[in-house]
Amino acid sequence: MMKTAFMLRTALLLGLLLTGGSTLGQQTQPVNSTRELRPVIVQGAMDIEVKKFASRLDNVRVEKVGGWTFWRGTLDGYPVIVSKTMKGLSNAAAATTIAAERYYPVAIINQGTSGGHVSDLHVYDIVLGKYALNLGAFRTAYRKPGQGSDLQGWKPMDLMAEGSSGQNPNAQTLRRFKGDEQLLAAAESVKHLYRKGRVVEGIIGSDDMWNSEIDRIQWFHTQFGTSVEEMETASAAQIAGVFQIPFLGIRILSNNITNDGKYDAKTGDACQDYVYDVVKAYIAGTLKR
């Protein structure tokens, strides 16, 4: 009997493997990329960055994978998925990996709020991420106890370089993740529709910090050209690049400490309105041609 039970369990396991594995913890099957249109993914970390966009989709159904939420629907008849990534680099990377593996997206837009790094940008201005980079990838110089910290001794590290990034002299740079040209063109094509501020191209910096030190912010801008900072774009861009998925970061300034621009949570809605027009333009101009 024990041998028979073992054989039955083994046969069941093999059957599950051959049919795609267990569905425990899954609520839906992944999109079959050969039979369905590949969706556009729109990411945001918080409710104030995703709920309005999700409410404008047609034929919506909500899916949860662990702690991550995905609203699957359509926009102008084309599949679009809104993804709540949650905050931070790790959460954004995980959400992007889930989206890539589960939905086979044709493109990913990471959007939401950010803090300004330059005084000529103001709250409600929008930065299109010509590049995104990780502002948390540095090796500090050795300093003795009591000597404190010194930004001038920080050396950037390319975490995508092979081997030890801290020891490899060819890896002493911040990896720049380039925004996709077709997505950028779609964003440029509708910027005249945005009336609440300027829309400019720039560099989005990401890390798991909320920087309020003016000298540090100025150093980031001087050394690496950052326009804004937030906590997700570079991480999502890195994962999208690994999967070879076209990607663009779009960030609205919700505050700017360099010119006393006060935080305004309503900027999250304004960014979603603009990104909605970007997605419509991308669908009409690129995906439906």
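What you are looking at is a predicted structure, and each value in this text was computed from that prediction instead of being measured.

**Student:** I would appreciate a short explanation of the overall build of the chain in the present structure.
**Tutor:** Helix and strand counts for the chain come out as 7 helices and 12 strands. For the chain, the proportion of its 289 residues judged to be buried stands at 48%. Long-range contacts, defined here as pairs at least 24 residues apart, represent 75% of the contacts in the chain between residues at least 6 apart. Of the roughly 14,800 Å² of accessible surface on the chain, a fraction of 54% belongs to carbon and sulfur atoms.

**Student:** Can you walk me through the pattern of salt bridges in this structure?
**Tutor:** Note that side chains of opposite charge can pair when their charged atoms are close. Taken as a whole, this structure holds 15 salt bridges when the rule is applied. Ionic pairing is found between Asp-47 and Lys-51, a salt bridge with its closest N-O pair at 4.0 Å. Here the residue Asp-47 and the residue Lys-51 both occupy positions in helix α2 (residues 47-55), the gap between them amounting to 4 residues, near one helical turn. Using a relative accessible area of 36% as the deciding quantity, one classes Asp-47 as partly exposed. Close ionic contact of Arg-251 with Glu-49 constitutes a salt bridge, the shortest N to O distance being 3.9 Å. On the criterion of sequence distance, the pair formed by Arg-251 in strand β12 (residues 247-255) and Glu-49 in helix α2 is long-range, its members being 202 residues apart. Both residues of the pair, Arg-251 and Glu-49, belong to the buried class. The structure contains a network of salt bridges with shared partners spanning Glu-49, Glu-230, Glu-232 and Arg-251.

**Student:** What is the right way to read the environment of Lys-191 from this model?
**Tutor:** Secondary-structure assignment places Lys-191 in the loop between α4 (181-189) and β10 (199-206). Along the primary structure Lys-191 and Val-275 are separated by 84 residues, whereas in three dimensions their C-alpha atoms are 9.8 Å apart. Aside from chain neighbours lying at most four places away, what touches Lys-191 is Val-199 and Tyr-274. Here Glu-188 takes part through its side chain, which lies 2.9 Å from a polar atom of the side chain of Lys-191.

**Student:** Could you clarify how one ought to interpret helix α6 (residues 233-242) in this entry?
**Tutor:** Residues spaced three or four apart along an α-helix face the same direction, because each turn holds 3.6 residues. Across the 10 residues that make up α6, a large majority, 7, are buried. A positive phi of about 60° marks Gln-244, the residue just after α6.

**Student:** Looking at this structure, how should I read the nonpolar core?
**Tutor:** Most often, soluble globular proteins have nonpolar side chains that are buried together. Grouped together as the largest cluster of nonpolar side chains are 37 residues, with contacts concentrated most on Phe-53, Val-80, Ile-250, Tyr-274, Val-275 and Val-279. No other element matches the 10 residues that helix α7 (residues 267-287) contributes to this core. Every residue in contact with Phe-53, bar those within four places of it in the chain, is listed here: Val-42, Leu-75, Val-80, Val-82, Gln-272, Val-275, Tyr-276 and Val-279. Val-65, Ile-81, Ala-95 and Phe-247 belong to the second-largest nonpolar core, a separate cluster that totals 17 residues.

**Student:** Got a minute to help me understand the pairing of strand β2 (residues 58-65) in this structure?
**Tutor:** Pairing of β2 with strand β3 (residues 68-75), which is carried by 6 bridges, proceeds in the antiparallel orientation. Note on β3: the bridge partner recorded for Val-65 is Trp-68. Where β2 folds back on β3, the antiparallel hairpin that results is connected by 2 residues, among which Gly-66 adopts a positive phi of roughly 60°.

**Student:** I'm lost on the packing of α4 against α7 in this one. Help?
**Tutor:** Any two packed helices are characterised by the angle at which their axes cross and by the distance between the axes. Where α4 contacts α7, the two axes come as close as 8 Å, and the packing angle between them is 120°. The angle between α4 and α7 falls in the class oblique. Considering how the two elements wind past one another, α4 and α7 form a crossing that is right-handed. Contacts between α4 and α7 involve Gln-182, Leu-183, Ala-186, Ala-187, Glu-188 and Ser-189 from the first element and Tyr-274, Val-278, Ala-281, Tyr-282 and Thr-286 from the second. Looking at the contact of α4 with α7 residue by residue, the class counts come to 7 nonpolar, 3 polar and 1 charged.

What counts and how
Residues numbered from 1 in each chain as written. Predicted model: local features only at pLDDT ≥ 70, side-chain atom pairs only at ≥ 80, totals over all residues. Heavy atoms only, no water. Helix = DSSP H or I, 4+ residues; strand = E, 2+ residues; numbered from the N terminus. Buried < 20%, exposed > 50% of the residue type's maximum accessible area, 1.4 Å probe, protein only. Contact = heavy atoms within 4.5 Å. Areas by Shrake-Rupley, 256 points an atom, 1.4 Å probe, with all protein chains shown as cover. Salt bridge = Lys/Arg side-chain N within 4 Å of Asp/Glu carboxyl O. Polar contact = N/O pair within 3.5 Å; in protein donor to acceptor, adjacent residues only side chain to side chain. Core = buried A, V, L, I, M, F, W, Y, C linked by side-chain atoms within 4.5 Å. Pairing = 2+ DSSP bridges. Axes fitted to C-alpha atoms, helices over the stretch in contact; angles between N-to-C directions. Parallel < 35°, antiparallel > 145°, perpendicular 65-115°, else oblique. Left-handed = near helix turned anticlockwise from the far one by under 90°. Nonpolar A, V, L, I, M, F, W, Y, C, P; charged D, E, K, R; others polar.

Geometry only, nothing functional implied.
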